[in-house]
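# A look at the structure
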Amino acid sequence: MARPIALGVSLLVVMLCAMPDPGLAQQPKRGGVLRIAEREAPGLDPHLTVSFLSHSFISLAYSQLVRFPNGPEQKHPADFSILPDLAEKWEYKTPTSLVFTLRKGVKFHNKPPVNGREVTAEDVKYSLDRFMAKSGFRARFDAVQAIEAVDRYTVRITLKEPFAPFLNHLANPTFTAILPREAEEKFKDFNHPDAVIGTGPFILRSYDKGVKVVFERNPDYYMKGLPYLDGVVIEIAPDTQTRLSLLRAGKVEMAHVWGWLSPEEARGVKQTNPEMVATPYKVIGVGHIYMRTDQPPFNDVRVRRAVSLAIDRKAWNDALLFGEGCVDSGPIPCAMTDWKLDAAKMDPAKVKTLIGYDPAEAKRLLAQAGFPKGFTTPMFHWPGYVSPWRSYYELAAEALGKVGITVELKPEEYGKYISTTYLGKFEKMAMGPSTPFTEVDDFLYGTHFPEQPNNRSSVADAELNKLLVAQRRELDPKKRKEIVDEIQRYLADKQYYVYVPQWPQYVAHPPYVKGFKHHDGYGLGLRLLYTWLDK
């Protein structure tokens, strides 16, 4: 059993800097190396892992056909408008046919065996075909019928049916990164540091495993004059406290790959280092308990509702998140304001099972489902996620224990967790965060449609499936939003997933770091494109 955690945590009132970064209004300075403390990534091949660490690291080196706005281009952190990247323009010839025209003269990094050659349409076809064959996120391209290199600078993608999320998926670093075939032919995959050869703003120069990853500025990057930094070094530090100590001591500029600190960590850092910039952002994220709904006891909706009603989300939010979290955190993240349906617009009875707290009702539902004395279940998880995840696992075990569900916490090594549990290969119950997807379809179709790798709860609901397919085929944004709203109403009392409060993240760094703006998703490379050091 997990040890109890007292929920009576006194609030520490500390002034946190939430002012806009003046760095974007100043003339950027060139040079300098940004240092980041982070855990080890399980691999470097963008198609052989779904790890946020891997994709964030290698996003420095790769580009896509299209991209999201970053830095001064973006309107807000969840700005997912589509901008040109390696493709200078694109056109829908029909609702199922897109033609992309590549920029001429864009070069791969000058590393053997590619040696700085020009990117062509054949590279695009090779890379996207490989994504469809190998990636854990390949379901994003289920709608793709064919990818053709029409000529040296033209790519045609034919879809099986209209597919609203497609351009967003193409823009999402680094799942659809454009890769050179020669590197895979020499190194067998893209996990070897020498095989990380892209067209992005930084070149991976060295990787001392367990110690550090070194990137240098790409002098041939197609955006002339960018990036401002000479390089980026990722210092490998597995322990959270070690990373925070490095930040406090000025040995790194960021204690997380995206600069994130939890509300509690940000308050602590501001106490010891009042000069530190710590800006809160509502981020795209979903924390949840997921269950094998295809097996007893979680195939019974009464059991799943009991799990949800056992969680006192308001108490968790007040105690661990200083009241700053979002309680109604799923299935669509709070930060996705364009798609999120307010709980006030749903049936109150359904909303109660979605975000309510009623342990007596939870016990009644368990008894009704044939478990008057409760039952025992494992809860698989990775203990390395940032604060407050360790507390969340223990609080969940404690809360479920109070209604009769005995939880045996099962911590896993990250490589095993991300390749099994995270993809729905576990017994009975697990808990953790979702990928910070940039397309609403990923939080709906991706996590609820049968056979999808991110359908961690093994959901199979014929009525729901019709709605999931309909929203992704609808190209009119207003009509699509109506279907997405209907899906949220439908899911409210199904509890295929049990959602826990989502907290803001504080992006923290010394005041001399300028131009770094948070953007949801994995695209660290583009965030660093406009970053510079005022020293």
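To be clear, the structure that these remarks concern was listed above.
To keep things clear, this report deals only with the structure shown in the data block. (Residues numbered from 1 in each chain as written. Predicted model: local features only at pLDDT ≥ 70, side-chain atom pairs only at ≥ 80, totals over all residues. Heavy atoms only, no water.)

## As for the packing of helix H13 (residues 440-448) against helix H14 (residues 462-473)
Running from amino to carboxyl end, H13 crosses H14 at an angle of 140 degrees, the nearest separation of the two axes being 10 Å. Relative to H14, the element H13 is oriented oblique. The two elements H13 and H14 cross, and the hand of that crossing is left-handed. For the pair formed by H13 and H14, the contact residues are Asp-441, Leu-444, Tyr-445 and His-448 on the first element and Leu-464, Asn-465, Leu-468, Val-469, Gln-471 and Arg-472 on the second. (Axes fitted to C-alpha atoms, helices over the stretch in contact; angles between N-to-C directions. Helix = DSSP H or I, 4+ residues; strand = E, 2+ residues; numbered from the N terminus. Parallel < 35°, antiparallel > 145°, perpendicular 65-115°, else oblique. Left-handed = near helix turned anticlockwise from the far one by under 90°. Contact = heavy atoms within 4.5 Å.)

## Considering the sheet that holds strand S5 (residues 97-102)
Strand order in the open sheet formed by 4 strands is S4-S5-S7-S6, and the pairing between neighbours is antiparallel. In this open sheet, the two strands that pair with only one neighbour each are strand S4 (87-94) and strand S6 (144-151). The average undirected angle you get between the axes of adjacent strands in this sheet is 20 degrees. (Pairing = 2+ DSSP bridges.)

## Details of the side chain of His-109
Counting through the fold element by element, His-109 comes out in the loop between S5 and helix H2 (121-134). Judged by its relative accessible area of 1%, His-109 falls in the buried class. (Buried < 20%, exposed > 50% of the residue type's maximum accessible area, 1.4 Å probe, protein only.)

## What about the pattern of salt bridges?
Scanning the model with the defined rule gives 30 salt bridges in all. Note that Glu-182 is salt-bridged to Arg-117, the shortest N-O span being 2.6 Å. A residue pair is termed long-range when its members are at least 10 positions apart, and Glu-182 in helix H4 (residues 181-187) and Arg-117 in the loop between S5 and H2 qualify at 65 residues. Residue classification places Glu-182 among the partly exposed positions, given a relative accessible area of 21%. Note that Asp-294 is salt-bridged to Arg-292, the shortest N-O span being 3.0 Å. Residue classification places Asp-294 among the partly exposed residues on the basis of a relative accessible area of 43%. Classification of Arg-292 by relative accessible area gives buried; the value is 13%. Salt bridges sharing common partners tie together Asp-45, Arg-130 and Glu-184. (Salt bridge = Lys/Arg side-chain N within 4 Å of Asp/Glu carboxyl O.)

## Side note on the packing of aromatic side chains
This structure, assessed with the given rule, holds 28 aromatic pairs. Ring geometry for Trp-258 and Trp-260: centres 4.7 Å apart, planes at 70 degrees, overall edge-to-face. Exposure class is identical for Trp-258 and Trp-260. Each is buried. Over the face of the ring belonging to Tyr-422 we find Arg-456, whose NZ or CZ atom lies 4.1 Å from the ring centre. (Phe/Tyr/Trp six-rings, centres within 6.5 Å; stacked < 30°, edge-to-face > 60°. Lys NZ or Arg CZ within 6 Å of the ring centre and 35° of its normal.)

## Digging into the environment of Pro-77
Along the chain, Pro-77 falls in the loop between strand S2 (66-67) and strand S3 (83-84). On a C-alpha basis, the gap between Pro-77 and Val-283 in space is 7.9 Å, while along the polypeptide they are 206 residues apart.

## Focus on the pairing of S6
Bridge analysis of S6 against strand S7 (residues 154-159) gives 6 bridges, and the strand direction is antiparallel. Across the sheet, residue Ala-149 finds its bridge partner in S7, namely Val-155.

## Considerations on unusual backbone geometry
Residue Pro-297 follows Pro-296 across a cis peptide bond; omega there is 0 degrees. Along the chain, Pro-297 falls in the loop between strand S13 (287-291) and helix H7 (301-309). Cis peptide bonds are those with omega within 30 degrees of zero, and the linkage from Gly-330 to Pro-331 qualifies with 5 degrees. Secondary-structure assignment places Pro-331 in the loop between helix H8 (313-320) and helix H9 (348-355). Despite not being glycine, Phe-322 shows a phi value in the positive range, around 60 degrees. Inspection of the secondary structure assignment puts Phe-322 in the loop between H8 and H9. A relative accessible area of 15% places Phe-322 in the buried class.

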